[in-house]
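Structural features, examined
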Amino acid sequence: MTTTVNGPAGFDLLSTVETGGCSAKIPPRQLEELLQDMPLPADPRILVDIATHDDAGVYKINDETALVITTDFFPPVVSDGYEFGLIAATNSISDVYAMGGTPLVALNIMMFPSTRIPMEVYKEILRGGHDKAREAGVSIIGGHTIDDYPPKYGLAVIGTVHPGRVITNAGVREGDELILTKPLGTGIILAGHRMKMTIPSQLENAVSIMKQLNARGAELMQKYSVRGATDITGFGLAGHALKMARGSGVTVNIDMKSVPLLDCVYSLADQGCIPGAAFRNLDYTEGGTRFTSDLDYNLKMIAHDAQTSGGLLMAVAPEKSRELLKELHESGHGEAAVIGKAIRKAEADLVLQ
Amino acid sequence: MKTVDTRGLNCPAPLIKTKQGLNEAAPDETVQILIDNPASLSNVKRYLTDNRLPFTVREEGSLATVTVTRSEKTELTENETGYCTTEITEKKTGTRNTVVAVTSERMGSGDDELGTKLMVSFFRTLVLLEPSPAAVVFYNAGVKMAMDDSPVLDHIRELSEKGTAIYLCTTCINHFGIRDRLPAGSFSDMYQILNVLKDADHIIRP
């Protein structure tokens, strides 16, 4: 396999995961069924729990401070251990940003085989995680490792937010415009890379997007009084937008033609390079989604592409969206775009056009 | 006939090869796809259904053979450059199609017992129709025909496997409170149903 391997061990982490994007996550519909019988804890200090399928839990300590608590981990998405560590940490921390919080401390979560992969790779993954945590101002103060194959890595992260300024996927208001901060298509690019259908610059471009913290997006959301947002990860743009629409009691209308895409994503989808996760996500969304009859098939599938460390989808009052977008463009999110609107709740929770 | 062998390949390679095969085949050539990976089989079936390409599936043990029969009516989106065109091509859709609208549990009106029998017979015969209808839409009491205890459920599944889109009216499903009892078909709203009916060349209403 031709890949860029920079680590000292020269080990290709992608050789440990055979099934590509097909099997890393439990299908969302199945997960919802499994979780529906779990009793929800009743405690007035719990501000956000699993009931609204949000990115992180939020627990109020006092009138000034609430804790934002989240975890996420997954098998390798790139060949190089250090890069994998950077991406996994960025992705884990992102859930705190999606709630409008500031991440503080984290724990490593690692599954790694003690014999089949050089231990240098373990160190490289951790080094990536620590470097990204430092960039985010997060201290890693512990962790846990299990002997397992293939490896998996991520963080459990704790951050804080003012209890009155929690941003949830239930906070979208009718009339809000929706801004997506990162281009879409990491799942398709990673699959295309495995199939040797991409050129190195396209993969590098996707990797740099996956390594980009959503910190600035979180700051700007607070500055512009955004109340509703989510980050786009495994359930794809459509899956997360649907959860947000249901959580907020609005209908979300997304114009796929205005969604920023990573270079080559459209062409890869057109050639059939559509990971299995996209089909699973489609199974989940189609019960509550209206696909307009002129929606391009490839764009429909891109909307369901599982993202690794994707951007924030934020709902902003229309009179503020231009300013917010301008500030995003000036702070490293050059491709951020208004991709849709929240409208009065209609029959379908989500409309993709 | 063109054969695409995806045995031993993991997702999304079988879908990529399927699409390649369909693009390379002559417009009316039959394409046969060999798949031995259940996830990819389900994705390829979904892909063909969504793109209105009629197909049949034969499964022997872990090997599935998907046969796509095309006529000159069916056109695929062409991607001539192969690598990285960023422009978005408009999807060309086959325009001639037949849609079946199922609006009650009975065929015709007059005698209910007779109507129920006729409806079962209608579906038994519908699966034999060539070419298969592009879509069957179920609304009002018609959605009950797609319930888990329906005598025609197997026929609906067979139609779906052959590439017929199955649309169920969500408002009707909610009205009858049968959301959990519909193992086949996709939930649709009035807009989608109306578009399917609008785009139809013939509508059969039993």
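Criteria and thresholds
Residues numbered from 1 in each chain as written. Chains lettered and ligands numbered in written order. Predicted model: local features only at pLDDT ≥ 70, side-chain atom pairs only at ≥ 80, totals over all residues. Heavy atoms only, no water. Helix = DSSP H or I, 4+ residues; strand = E, 2+ residues; numbered from the N terminus. Buried < 20%, exposed > 50% of the residue type's maximum accessible area, 1.4 Å probe, protein only. Areas by Shrake-Rupley, 256 points an atom, 1.4 Å probe, with all protein chains shown as cover. Disulfide = S-S within 2.5 Å. Salt bridge = Lys/Arg side-chain N within 4 Å of Asp/Glu carboxyl O. Pairing = 2+ DSSP bridges. Right-handed = clockwise from strand over helix to strand, strands pointing away. Axes fitted to C-alpha atoms, helices over the stretch in contact; angles between N-to-C directions. Domains from an automatic or database assignment. Contact = heavy atoms within 4.5 Å. Buried area = accessible area lost by both parts, 1.4 Å probe. Polar contact = N/O pair within 3.5 Å; in protein donor to acceptor, adjacent residues only side chain to side chain. Nonpolar A, V, L, I, M, F, W, Y, C, P; charged D, E, K, R; others polar.

**Some thoughts on the overall build of chain B**
Counting its regular elements, chain B contains six helices and nine strands. A total of 206 residues make up chain B; the buried ones form 48% of that total. Only carbon and sulfur atoms are counted for the fraction: they give 49% of the accessible area of chain B, which is about 10500 Å².

**Thoughts on the state of the cysteines**
Residue and element names in this part refer to chain A. Following the criterion strictly, the structure yields one disulfide over all chains and no others. Note on cysteine 273: no disulfide assigned, nearest cysteine sulfur contributed by cysteine 264 at a separation of 8.9 Å. Looking at cysteine 273, the relative accessible area reads 0%, which means it is buried.

**Comments concerning the pattern of salt bridges**
By the definition in use, this model includes 27 salt bridges over all chains. Aspartate 349 of chain A is the partner of arginine 246 of chain A in a salt bridge, and the nearest nitrogen-oxygen pair spans 2.9 Å. With a gap of 103 residues between them, arginine 246 of chain A in helix H7 (residues 236-248) and aspartate 349 of chain A in the loop between strand E12 (337-343) and strand E13 (350-352) connect regions that are remote in the sequence. Given the relative accessible area of 10%, aspartate 349 of chain A is considered buried. A salt bridge links arginine 46 of chain B to aspartate 50 of chain B, with the nearest nitrogen and oxygen atoms 3.1 Å apart. Residue arginine 46 of chain B and its partner aspartate 50 of chain B are located together in helix H2 (residues 38-50), separated by four residues, close to a single helical turn. Each member of the pair arginine 46 of chain B and aspartate 50 of chain B is classed as buried. Here the salt bridges share partners, and the residues they tie into one network are Asp283, Glu286 and Lys300 of chain A together with Arg46 and Asp50 of chain B.

**As for the pairing of strand E4 (residues 102-111) of chain A**
Residue and element names in this part refer to chain A. Alignment of E4 against strand E6 (residues 152-161), held across nine bridges, turns out to be antiparallel. Of the residues in E6, the one forming a bridge with threonine 102 is threonine 160. Pairing of E4 with strand E5 (residues 139-146) involves six bridges; the strand directions are parallel. When the bridges of E5 are listed, valine 105 appears paired with serine 139. In terms of handedness, the path from E4 via helix H3 (residues 119-135) over to E5 forms a crossover that is right-handed.

**Structural notes on the sheet that holds strand E10 (residues 289-291) of chain A**
All names here are of chain A. Read from one edge to the other, the open sheet built from seven strands follows the order E8-E11-E7-E12-E9-E13-E10, with strand pairing classed as mixed. A single partner strand is all that each edge strand has here, and the edge strands are strand E8 (228-231) and E10. Averaged over all pairs of adjacent strands, the angle between strand axes in this sheet comes to 20°, irrespective of strand direction. In terms of strand pairing, strand E9 (residues 251-254) meets E13 through three bridges, oriented parallel. Paired with isoleucine 254 across the bridge in E13 is leucine 352.

**Description of the domain arrangement of chain A**
Residues and elements named next belong to chain A. Per the domain assignment, the segments making up chain A are domain 1 (13-165) and domain 2 (177-352). The straight-line distance from the C-alpha centre of domain 1 to that of domain 2 is 20 Å. Counting residues at the interface gives 35 residues for domain 1 and 32 residues for domain 2. Taken together, the two surfaces of domain 1 and domain 2 that pack against each other cover about 2900 Å², and 56% of this comes from carbon and sulfur. Here domain 1 and domain 2 share one salt bridge between them. Close ionic contact of glutamate 83 with lysine 211 constitutes a salt bridge, the shortest N to O distance being 2.9 Å. In this assembly, domain 1 and domain 2 are joined by ten residue pairs in polar contact (both at pLDDT 80 or more). Of all elements in the fold, only helix H1 (28-35), helix H2 (81-98) and H3 reach the threshold of two or more residues within the side of domain 1 that touches domain 2. Classifying every residue of the side of domain 1 that touches domain 2 gives 15 nonpolar, ten polar and ten charged.

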